[in-house]
Amino acid sequence: MARQRVLEDRWRFSSGGLGRTLFLLGLVRRERGDFARAMALFTACVELHRALEDREGLAIGLLGRSDVARDQGDSTQVRLYGEQSLASLRQLGVQW
């Protein structure tokens, strides 16, 4: 059980690891105007955290996707990703 927790923690957003790295790289690509690559990195972050059932990481990744959609003027996607992120955060007990 301890080994499993160590393996899982390596990937969770709150403890760093691959999920956090994907998110941070997405931020860099977004700031440089490479929206396609940023979206791909945020999507990989979302998929990883969804597979790990890590709601915090999932919510943060979805916010990254929402930011890229906003930068590109896609209000439909901004709303979709924002609502998904909010739902995930509310499952954690965060009230906005």
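Preceding block: the structure.
Rules of the game
- Residues numbered from 1 in each chain as written.
- Predicted model: local features only at pLDDT ≥ 70, side-chain atom pairs only at ≥ 80, totals over all residues.
- Heavy atoms only, no water.
- Phe/Tyr/Trp six-rings, centres within 6.5 Å; stacked < 30°, edge-to-face > 60°.
- Helix = DSSP H or I, 4+ residues; strand = E, 2+ residues; numbered from the N terminus.
- Buried < 20%, exposed > 50% of the residue type's maximum accessible area, 1.4 Å probe, protein only.
- Core = buried A, V, L, I, M, F, W, Y, C linked by side-chain atoms within 4.5 Å.
- Axes fitted to C-alpha atoms, helices over the stretch in contact; angles between N-to-C directions.
- Parallel < 35°, antiparallel > 145°, perpendicular 65-115°, else oblique.
- Left-handed = near helix turned anticlockwise from the far one by under 90°.
- Contact = heavy atoms within 4.5 Å.

**Q** It is not clear to me how the packing of aromatic side chains should be interpreted in this structure. Could you clarify?
**A** The description of two aromatic rings rests on the distance between their centres and on the angle between their planes. According to the stated counting rule, one finds one aromatic pair in the structure shown. On the numbers, 5.4 Å between centres and 50° between planes, the contact of F23 with F42 is tilted. Of this pair, F23 sits in helix α2 (residues 17–31) while F42 is found in helix α3 (residues 35–52), placing the two residues 19 residues apart along the sequence. Given the relative accessible area of 13%, F23 is considered buried.

**Q** Quick question: what am I supposed to make of unusual backbone geometry here?
**A** Of note, E53 is a non-glycine position whose phi angle comes to about 55°, a positive value. Inspection of the secondary structure assignment puts E53 in the loop between α3 and α4 (55–71). Judged by relative accessible area, E53 falls into the exposed class, the value being 70%.

**Q** Help me understand the nonpolar core in this model?
**A** As a rule of thumb, nonpolar side chains are buried together in soluble globular proteins. L22, F42, L62, V68 and Y81 are the most contacted members of the largest nonpolar core, which totals 14 residues. Taken together, the elements giving at least two residues each to this core come down to α2, α3 and α4. No other element matches α3, which puts seven residues into this core.

**Q** Even after reading the chapter, I still don't get the packing of α4 against helix α5 (residues 75–91), so can you show me in this structure?
**A** Describing two packed helices takes the angle between their axes plus the distance from one axis to the other. Where α4 meets α5, the axes come as close as 8 Å, and the angle between the chain directions of the two elements is 165°. The pairing of α4 with α5 is recorded here as roughly antiparallel in orientation. Crossing geometry of α4 relative to α5 is assigned as left-handed. Contacts between α4 and α5 involve R55, L58, A59, L62, L63, R65, S66, A69 and R70 on the former and, on the latter, Q77, V78, Y81, G82, Q84, S85, S88, L89 and Q91.

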